[in-house]
Amino acid sequence: PSTLKMIGQYAFAENSLTTLDVSTLSQLTKIETAAFMSNTLSKATLSDSVVEVADSAFANNRLGELTAPGVEKIRTRAFANNALTSVALPRASEIDSTAFDTNGRVVAVLTGKNDGSLPSSFSAGNGFVVDPVTITIVCHDEQTPPVAISSNKVVGTDFSTDELYPAGITFTLE
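Report follows, based on the coordinates.

## Here we look at the pattern of salt bridges
And then number 1: Taken as a whole and assessed by the stated rule, the structure comprises 6 salt bridges.
And then number 2: One salt bridge connects Glu-52 with Lys-30, and the closest N-O pair in it is separated by 3.8 Å. Here Lys-30 lies in strand E3 (residues 30-31) and Glu-52 lies in strand E5 (residues 52-53), a separation of 22 residues in the sequence.
And then number 3: Under the relative-accessibility criterion, Glu-52 is labelled buried at 16%.
And then number 4: We classify Lys-30 as partly exposed; its relative accessible area is 23%.
And then number 5: Note that Arg-75 is salt-bridged to Glu-52, the shortest N-O span being 3.0 Å. Pair noted here: Arg-75 is in the loop between strand E7 (73-74) and strand E8 (86-88) and Glu-52 is in strand E5, with a separation of 23 residues, a long-range link.
And then number 6: Overlapping salt bridges bring together Lys-30, Glu-32, Glu-52, Arg-75 and Glu-94 as one network.

Dropping the structure here:
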């Protein structure tokens, strides 16, 4: 119903749901603990009014696409064990360090701030990096003239280790 304010604990857990769209539920503000855990969700679209996603709410799915424009708080393992690589969270202010654990790759959390400053509640993410930037490395050897090699991948580059590059970092390679 359009007056729904919260989806309760384990409400739709362990079903065979494949997609979720609650974008028209304008009064929905919270998705409770494990509400959609252990389904086969590949896509989830939340309404602008959803501000909090509780512990393990979407854990153990197949999410590759997430739309969550209003979410401010993401709790413990909320999106763990999925297939996310990037998610836009323009209003995010609190993300638990385990929120995106075990997604196969590090998840790029795009807040839109891109100024190098992060709220103190963003702890070192185990599974995500906030506002990653593209790193350009200029390298050359004796046989090759200098060339710029760019990568927009969140995990390292195609030619290096799997370091993370959050916004605001500066370094020089020679």
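From this point on, the discussion continues.
## Looking at unusual backbone geometry
And then number 1: Here the phi dihedral of Tyr-10 falls at roughly 55°; this positive angle occurs in a residue that is not glycine.
And then number 2: You can see Tyr-10 is positioned in the loop between strand E1 (6-7) and strand E2 (19-21).
And then number 3: We classify Tyr-10 as partly exposed; its relative accessible area is 49%.
And then number 4: Of note, Asn-60 is a non-glycine position whose phi angle comes to about 60°, a positive value.
And then number 5: Positionally, Asn-60 belongs in the loop between E5 and strand E6 (65-67).
And then number 6: The exposure class of Asn-60 is partly exposed, given its relative accessible area of 31%.

## Remarks on the sheet that holds E2
And then number 1: Strand order in the open sheet formed by 3 strands is E2-E4-E6, and the pairing between neighbours is parallel. With one partner strand each, in any of the chains shown, E2 and E6 form the two edges of the open sheet. Within this sheet the neighbouring strands show an average axis-to-axis angle of 5°, counted without direction.
And then number 2: Looking at chain direction, E2 and strand E4 (residues 43-45) are connected through 3 bridges and run parallel. Paired with Asp-21 across the two strands is Thr-45, which belongs to E4.

The rules behind the values
Residues numbered from 1 in each chain as written. Predicted model: local features only at pLDDT ≥ 70, side-chain atom pairs only at ≥ 80, totals over all residues. Heavy atoms only, no water. Salt bridge = Lys/Arg side-chain N within 4 Å of Asp/Glu carboxyl O. Helix = DSSP H or I, 4+ residues; strand = E, 2+ residues; numbered from the N terminus. Buried < 20%, exposed > 50% of the residue type's maximum accessible area, 1.4 Å probe, protein only. Pairing = 2+ DSSP bridges. Axes fitted to C-alpha atoms, helices over the stretch in contact; angles between N-to-C directions.

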